[in-house]
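# Coordinate analysis (summary)
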Amino acid sequence: MSSSLDPRLANARVAPKRGVRLSWSDPRFRNIVFQILIVSAVALAIWYLAYNTQRNLDIQHVATGFGFLNRTAGIPIGEALIPYDPSINTYGRAIVVGLFNTLKVAVIGIVLSTILGTIIGISRLSKNWLISKITAVYVETLRDIPVLLQLLLWYTVLQTLPAPRQAINIGDAVFLSNRGLKMPLLIWQDAHWWALVAFVAGAVGTFAWNRTALRKRDETGEKPAVWPAALGLMVALPALVWAALGAPFTIEYPALRGFNFTGGGVVSPEYFALLIGLSVYTSAYIAEIVRSGIQAVPSGQWEAAGALGLRQSAILRLIVLPQATRVIIPPMTSQYLNITKNSSLAVAIGFQDVVSLSQTTLNQTGQAIEGIAIVMVVFLSISLSISLFMNWYNARIALTER
Amino acid sequence: MTPPANNTAASIHLPVASRDRPPRSVYGPMAWMRANLFGGWLSSGVTILLGYLIVRGAVGFFDWGFLNAVWTVPTLPNGNPDPATCRALRGAGACWAAVGDKWRFMLFGRYPFDEQWRPAICIALFLGLYIVSAMRQFWRKELALIWVAVLGAIGLLMWGGVFGLSYVPQDIWGGLPITLILATFGLAFAFPLAVLVALGRRSTQMPAVKLICVLYVELIRGVPLVALLFMSSVMLPLFLPTGVNIDKLLRAQIAIILFVGAYVAEVVRGGLQALPRGQAEAADALGLSYWHKTMKITLPQALRLVIPPLVNTFIGFFKDTSLVLIIGIFDLLTSGKTAMSDPTWQGSSTEIYIVMAIIYFAFCYAMSTYSRSVERKLDSAHNR
């Protein structure tokens, strides 16, 4: 046991330190021998596998190394966040496109499932019998059906939507068909970038003003209003910048040409199914986490806040949720990691994420080890960044104990 | 969120002699509805809206699934079913005839039709094994023997080749038995591995072993199962000496064992950590060796503590076995998807998905109910 010693034992006589004896009866000697044995067994196994791999690769005449990343890919990719052309661009770029697609699913999925899960988790504790029962059924059903089956089912449902010619038409602007969701798209110009920059600057300014306001409240007991500054900095300032640059505003509407739509933005059925499926599935888990987090707050907190005259919603927002957050964060982190890892199920419904594109690369080039290594590195770094961020957040909100 | 408000009125002091029934406003279905469905404007509005949506949804589903559904179809002269009545529905009703025609394929895959009683018995054996393992009076060492015997019997039944059973090669097995095999063998092999890894990760005196265990757990938990399955199907053949080939199912099984092992190891480690330190110290003071201490004192208590999270982990990866679809192994989900691709039953995939979802749900719901009941028992044993 390597625990710190009791302070009362500070002056006690301690057995003199002895070196390791080369005898089987010395536990430290035994430990060292066991460790050497186990480590060499593991090393031997790894060496054996590596040796076999090398031989097999030699026989198949597969060159190792990441040189293939610079070759022209020729993989058609349906949706890419960065410009990509299969006839020019390389495998490396194809995999980067996949990485962006994975992140697109993971980030938006995390946001959606957190919102949905929190609403459902709070509703499950509602006094209204109907709400609490329905949310309980929602959670139980979704948690007990494999996520892959749910994804496939969503995808099938989206495929049974009408063809583009009979698309569900919402105000001649949004069209829902089996080719996905088409919607009007703002033509993005330089002025919009500057407005965005202004918005970010405004948000930072509002945040700083809020900090000052909170400090003033601590000093004087009165909190200066924050919303005028927020309105001015985050709405008026970007609008002014945009207007000063000529207020460009062109919207491209989708239009039916032949058998499909052209123009406008599109959410592909694959992405749509993946996003809905993952968010709904994960929201069931998040709902349970939120519910147990709220229940972990002692009922005395509710009663004390009620005695102070706070309304239900204010108690929940100001007293209970901040305390529940401490219980919620660690399991929430693992759900965020799960949704990120589950985004690799994209491969089953044909959305091209990093796993799917690495797999295609691997099949075309035969570079199995490199392909798998890329996937491992990508996911390990995403997992690690989410864990680090959540640990930082957890440490920040942790209860400071005496 | 707060204690129900309807008992405030009930605590009005009435004379003892009064034997009248409580007034309608605090007792009976109307009072219950007032308190639980129509407590305030917002609550009433939500109740009415939700009620409307539920009724509409239920009526729609009833129309689709029962009223307009086609349960059987006539048989064509050539012996094949005639899906014309199903096609005529155009999605207005369910075509359960598709499930009726395909259910044996969904459950048993491409296993020879006349021999399908064998996988059926295997499913029953698996169910029996789960039920026996769930009962407390069987939690003893003999249970391990029962597992070995039953798993052996299942292998015998599936492969055959002895006792007059015809030999069925592994690559035409399919359906639910494959799902159960992947999950059960996965757990059976991952569990000992997980216990060793958990002990290694807790080890204070063997830093090298601890490092290996930490690396294993974190590497596996950091990557998705899909990547591990790809890895097993692509890289395992490279790892083995030239000429040695192992089949697809075994490769997926190895990936699943490694995957589950890492997660179960974390669960077991949680149990070991939750155990009061005094237990291990007392064992040390008695002069027990490490293995005696572990096998007789700490591990049995820790495992008992982690039964509920262990069952939850098992539920999780029971569902995750469906991912083998991606590398083309014929489990329940793959069989269902293959059944859907039959041109005769084009457009009936929703029905087949629903049936598969019900099968998965039945297994997972049973397990999660069980896990909750064990948790309650453990809690009450703790709070005595």
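Rules behind the numbers
Residues numbered from 1 in each chain as written. Chains lettered and ligands numbered in written order. Predicted model: local features only at pLDDT ≥ 70, side-chain atom pairs only at ≥ 80, totals over all residues. Helix = DSSP H or I, 4+ residues; strand = E, 2+ residues; numbered from the N terminus. Rg over C-alpha atoms; globule rule 2.2 N^0.38 Å. Buried ≥ 20, exposed ≤ 12 C-beta atoms within 10 Å, placed from the backbone. Contact = placed C-beta atoms within 7 Å. Axes fitted to C-alpha atoms, helices over the stretch in contact; angles between N-to-C directions. Parallel < 35°, antiparallel > 145°, perpendicular 65-115°, else oblique. Left-handed = near helix turned anticlockwise from the far one by under 90°. Nonpolar A, V, L, I, M, F, W, Y, C, P; charged D, E, K, R; others polar. Core = buried A, V, L, I, M, F, W, Y, C linked by C-beta atoms within 7 Å. Pairing = 2+ DSSP bridges. pLDDT = per-residue confidence, 0-100. Expected span 1.5 Å × (residues − 1). Arc of directions from axis to C-beta.

Right, let's get into the overall build of chain B. Along chain B, the regular secondary structure elements total 16 helices and 0 strands. Here the C-alpha atoms of chain B give a radius of gyration of 28 Å, more than 25% beyond the 21 Å that 2.2 N^0.38 yields for 384 residues. Judged by the C-alpha coordinates and their principal axes, chain B covers about 85 × 80 × 40 Å. Looking at chain B residue by residue over its 384 residues, the buried ones come to 31%.

Quick look at the overall build of chain A now. Broken down by element type, chain A carries 12 helices and 8 strands. Taking 21 Å as the expected radius of gyration for a compact globule of 402 residues, we find that chain A reaches 29 Å, considerably beyond that expectation. Per-residue burial for chain A yields a buried fraction of 30% across its 402 residues. Taking as baseline every contact in chain A between residues at least 6 positions apart, the subset at least 24 positions apart corresponds to 65%.

The next point concerns the packing of helix 11 (residues 248-274) of chain B against helix 13 (residues 290-305) of chain B. Residue and element names in this part refer to chain B. Where helix 11 meets helix 13, the closest approach of the two axes is 8 Å, and the angle between their N-to-C directions is 115°. Our classification of the angle between helix 11 and helix 13 gives roughly perpendicular. Of the two possible hands of crossing, helix 11 and helix 13 adopt the one that is right-handed. Counted together, Val268, Gly271, Leu272 and Ala274 of helix 11 and Thr298, Ala302, Leu303 and Leu305 of helix 13 form the full contact between these two elements. Taken together, the residues of the contact of helix 11 with helix 13 break down into 6 nonpolar, 2 polar and no charged.

This next bit is on the packing of helix 9 (residues 312-342) of chain A against helix 12 (residues 368-397) of chain A. Residues and elements named next belong to chain A. Helix 12 packs onto helix 9 with a crossing angle of 170° between their chain directions and a minimal axis gap of 10 Å. Taken together, the axis directions place helix 9 and helix 12 in an arrangement best described as roughly antiparallel. Seen from helix 9, the contacting residues are Thr325, Arg326, Ile329, Pro330, Thr333, Tyr336, Leu337, Thr340 and Lys341; seen from helix 12, they are Phe379, Ile382, Ser383, Ile386, Ser387, Met390, Tyr393, Asn394 and Ile397. When the residues that make up the contact of helix 9 with helix 12 are grouped by side-chain class, the tally is 10 nonpolar, 6 polar and 2 charged.

Glancing now at the nonpolar core. Generally speaking, a soluble globular protein has its nonpolar side chains buried in company with each other. Leu148, Leu151 and Leu274 of chain A together with Val226, Ala227, Leu229 and Val268 of chain B are the most contacted members of the largest nonpolar core, which totals 144 residues. If one sorts the elements of this core by residue count, helix 7 (residues 269-295) of chain A sits on top with 14 residues. Apart from residues lying up to four places away in sequence, alanine 227 of chain B is in contact with Ser344, Val355, Ile372, Val375, Met376 and Phe379 of chain A.

Turning to the pairing of strand 2 (residues 174-177) of chain A, a few remarks are in order. Residues and elements named next belong to chain A. In this structure, strand 1 (residues 168-170) lies alongside strand 2, joined through 3 bridges in antiparallel fashion. Looking at the pairing, isoleucine 170 lines up with valine 174 of strand 2. Linking strand 1 back to strand 2 in an antiparallel pair, the connection comprises 3 residues, with glycine 171 at a positive phi of about 60°. By the bridge criterion, 3 bridges tie strand 2 to strand 3 (residues 180-183) in an arrangement that is antiparallel. Residue pairing for strand 3: leucine 176 is matched across the bridge by leucine 181. Between the antiparallel neighbours strand 2 and strand 3 lie 2 residues.

Counting from both sides, the interface comprises 50 residues of chain A and, opposite them, 47 residues of chain B. Counting only elements with at least two residues in the side of chain A that touches chain B, the list comes to helix 1 (27-60), helix 3 (129-143), helix 4 (147-159), helix 9, helix 10 (346-349), helix 11 (354-365) and helix 12 of chain A. Sorting elements by how many residues they give to the side of chain A that touches chain B places helix 1 of chain A first, with 13 residues. Split by residue class, the side of chain A that touches chain B holds 33 nonpolar, 13 polar and 4 charged.

Residue-level pLDDT values for chain B average 82, and 92% of them are 70 or greater. Of all helices and strands in chain B, the one with the weakest mean pLDDT is helix 1 (residues 7-10) of chain B (47), whereas helix 8 (residues 176-202) of chain B scores best (90).

Right, let's get into helix 6 (residues 117-134) of chain B. All names here are of chain B. Here helix 6 is 18 residues long and its end C-alpha atoms lie 26 Å apart, about the 26 Å a rise of 1.5 Å per residue gives. Inspection of helix 6 places Arg118, Pro119, Cys122, Phe126 and Leu129 among the buried residues, and these make up the whole buried set. The buried residues of helix 6 occupy an angular sector of 90° when projected down its axis, which confines them to one face. Facing away from the buried side of helix 6 by more than 90 degrees, the exposed set consists of Trp117, Ala124, Gly128 and Ile131. Looking at the packing, one finds that the buried side of helix 6 touches helix 5 (96-108), helix 7 (142-159) and helix 8.

Residues and elements named next belong to chain A. In this structure, isoleucine 95 sits in helix 2 (residues 91-124). As a C-alpha pair, isoleucine 95 and valine 42 span 53 residues in sequence and 32 Å in three-dimensional space. Contact partners of isoleucine 95, with chain neighbours within four places excluded, come to Val354, Leu357, Ser358, Thr361 and Ile374.

Residues and elements named next belong to chain A. Taking 1.5 Å of rise per residue, the 31 residues of helix 5 (residues 190-220) would be expected to cover 45 Å, and the 44 Å separating its terminal C-alpha atoms lies within 8% of that figure. Within helix 5 the residues assigned to the buried category are Ala195, Ala198 and Gly202. On its buried face, helix 5 is in contact with helix 6 (227-244). Immediately downstream of helix 5, the backbone of glycine 221 shows phi near 85°, a positive value.

So, about the confidence of the model for chain A. Across chain A, the average pLDDT comes to 83, with 94% of residues at or above 70. When mean pLDDT is compared element by element in chain A, helix 7 of chain A scores highest at 92, while strand 7 (residues 260-262) of chain A scores lowest at 70.

As a further point, take the sheet that holds strand 8 (residues 265-267) of chain A. Picture the strands of a sheet paired through backbone hydrogen bonds; they go either parallel or antiparallel. All names here are of chain A. The sheet built from 4 strands is open, its strands ordered 1-2-3-8 with antiparallel pairing. Looking at the sheet topology across the chains shown, the edges are occupied by strand 1 and strand 8. Averaged over all pairs of adjacent strands, the angle between strand axes in this sheet comes to 15°, irrespective of strand direction. Summarising the sheet, strand 3 and strand 8 pair through 3 bridges and their orientation is antiparallel. Note on strand 8: the bridge partner recorded for methionine 183 is glycine 265.

With that out of the way, let us pick up the environment of tyrosine 353 of chain B. Positionally, tyrosine 353 of chain B belongs in helix 16 (residues 349-382). Here the alpha-carbon distance between tyrosine 353 of chain B and glycine 336 of chain B, two residues 17 residues apart in the chain, equals 7.3 Å. Excluding residues that lie within four positions of it along the chain, tyrosine 353 of chain B makes contacts with Leu149, Leu152, Leu153 and Thr156 of chain A.

A word on the environment of leucine 145 of chain B. Mapped onto the secondary structure, leucine 145 of chain B falls in helix 7. Between the alpha carbons of leucine 145 of chain B and proline 74 of chain B there is a distance of 50 Å; along the sequence they are 71 residues apart.

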